[in-house]
Amino acid sequence: MIATALDSDAPLGSRRAIIRYNAAELEMVELAWGFRPKTADDRPFRFVQSEGRTFPSHRCLIPASEFHVTTAKRRYKFALEDGNWFYLAGIWRPATQGWPESYAILTIEANPEVARYQERQGAVLLRRQRMDWLDSTTSEADLLQPLPARSFDVSELTTGIAESLLPI
């Protein structure tokens, strides 16, 4: 398995590998990112606030090496300080008429590094927590918590234009 960067600005419907239970077996499948809205007047959504909710079924994991955030026209990369990859906690839904099988990422209050840029973030699960999430052996309230301060290495993503080529 290859864990790749998750870009929070990726378009609705972007496809990505997720891990979930199918009957009694773990499987990795590629699903579309984003859920159909409940009413025609609402917009589709890619993130679901987790606080005060339970997720007894349709849990999934989204492998990631880092996640990207855009704020004030700047882009930032957040990777675990130890360089390890991780999972984002998610939920999935079966296909419905006119909407593909899809997933959304659960959000939590941002940890101290992320809070400098935005109030919320995807719920990061360390690799040792993967089965706790999928098997529902640990409560949502215990698992879906911000990582401690200094958990992330934060860097600004560049546009790819060399500084020497920029006008002075």
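Residues numbered from 1 in each chain as written. Predicted model: local features only at pLDDT ≥ 70, side-chain atom pairs only at ≥ 80, totals over all residues. Heavy atoms only, no water.

Caption draft 1: Examining the pattern of salt bridges more closely. A complete count under the given rule lists eight salt bridges for this structure. Two residues, Asp7 and Arg75, come together in a salt bridge whose shortest N-O distance is 3.1 Å. One end of the pair, Asp7, is in strand S1 (residues 4-7); the other, Arg75, is in strand S6 (residues 74-80), with 68 residues separating them in the sequence. Residue Arg75 is classed as partly exposed on the basis of its relative accessible area of 26%. Between Asp9 and Arg75 there is a salt bridge, with its nearest N and O atoms 3.2 Å apart. (Salt bridge = Lys/Arg side-chain N within 4 Å of Asp/Glu carboxyl O. Helix = DSSP H or I, 4+ residues; strand = E, 2+ residues; numbered from the N terminus. Buried < 20%, exposed > 50% of the residue type's maximum accessible area, 1.4 Å probe, protein only.)

Caption draft 2: Examining the packing of aromatic side chains more closely. For the coordinates displayed, the defined rule picks out eleven aromatic pairs. A ring pair is formed by Phe67 and Phe86, whose centres lie 6.4 Å apart and whose planes are at 90°; its orientation type is edge-to-face. Of this pair, Phe67 sits in strand S5 (residues 59-71) while Phe86 sits in strand S7 (residues 86-93); the two residues are 19 residues apart in sequence, bridging distant segments of the chain. Of the residues examined, Phe67 reaches a relative accessible area of 6% and is grouped as buried. We classify Phe86 as buried; its relative accessible area is 0%. Where Phe78 meets Tyr117, the ring centres are 5.6 Å apart and the plane angle is 75°; that geometry is what we call edge-to-face. Here Phe78 is found in strand S6, whereas its partner Tyr117 is found in the loop between helix H1 (112-115) and strand S9 (120-122), with 39 residues between them in sequence. Classification of Phe78 by relative accessible area gives buried; the value is 0%. Above the plane of the ring of Trp92 lies Arg20, whose end atom (NZ or CZ) is 4.2 Å from the centre. We note Arg93 situated over the ring of Phe35; from NZ or CZ to the ring centre the distance is 4.1 Å. (Phe/Tyr/Trp six-rings, centres within 6.5 Å; stacked < 30°, edge-to-face > 60°. Lys NZ or Arg CZ within 6 Å of the ring centre and 35° of its normal.)

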